[in-house]
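Report on the structure
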Amino acid sequence: MNDALDFLRAGATALQRGDRAVAQRQVVRALALVPGHGEAWNILGVLAVSAGDPAGGEARFRRASACAPENPAYARSQAECLKRQGRADRAAALLAGAVRRGALSPDLACDLADLRLGARDVAAATALYRLALTLAPGHARSQNNLAEALGKAERADAAAEALPSAPARLF
């Protein structure tokens, strides 16, 4: 297992410095030793997306999610690839499934809310933004997007309340 982790670390380091070929070789070596390593599949997904291949990225993020279904980041990445392919409905279904399985984070709830809002399901979007804010009360993107959703629902009073108050002036 230590060899696999060493290969994975080397791959992540290579990816950080922009050496995609070395990153891919090292991560593939890690997967040869531990085929079910979610983070290795995740890195391969990042490499595919950065090469302009969202379909390839989606397949690799799907493998990462299968290896670690409790990790919401993998589902979010897979959903983003689906959106890039024009498959927003499939992305929403994927994220909703992740929520049902318990792979929940404020960002995942907000991503799903954004998709629901894009599909003009303001009620579902509002509920999901509020869920994200329950998980992380200061989640700025959820606060902003909740205000937008409430504004679309023509509830200006609630939209204004959803926005955080302005910070105190320092000078």
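Residues numbered from 1 in each chain as written. Predicted model: local features only at pLDDT ≥ 70, side-chain atom pairs only at ≥ 80, totals over all residues. Heavy atoms only, no water.

Turning our eyes to something else, we now look at the overall build of the chain. On a plain count of helices and strands, the chain comes out with ten helices and zero strands. When the helices and strands of the chain are placed in sequence order, the string is α-α-α-α-α-α-α-α-α-α. Counting over 171 residues, the chain shows a buried share of 41%. Long-range pairs, those at least 24 residues apart, make up 41% of the contacts in the chain with a sequence separation of at least 6. (Helix = DSSP H or I, 4+ residues; strand = E, 2+ residues; numbered from the N terminus. Buried < 20%, exposed > 50% of the residue type's maximum accessible area, 1.4 Å probe, protein only. Contact = heavy atoms within 4.5 Å.)

Bringing the nonpolar core into the picture now. Generally speaking, nonpolar side chains in soluble globular proteins are found buried as a group. Membership of the largest hydrophobic core comes to 26 residues, with the highest contact counts inside it found for Leu-95, Leu-112, Leu-117 and Tyr-129. At seven residues, the largest contribution of residues to this core is made by helix H7 (residues 106-118). Discounting residues that sit within four places of it in the chain, Tyr-129 has contacts with Cys-110, Ala-113, Asp-114, Leu-117, Ser-142, Asn-145, Leu-146 and Ala-149. Ala-23, Val-27, Ile-43 and Ala-68 belong to the second-largest nonpolar core, a separate cluster that totals 16 residues. (Core = buried A, V, L, I, M, F, W, Y, C linked by side-chain atoms within 4.5 Å.)

Spatial relationships are all this shows, so hold off on functional conclusions.
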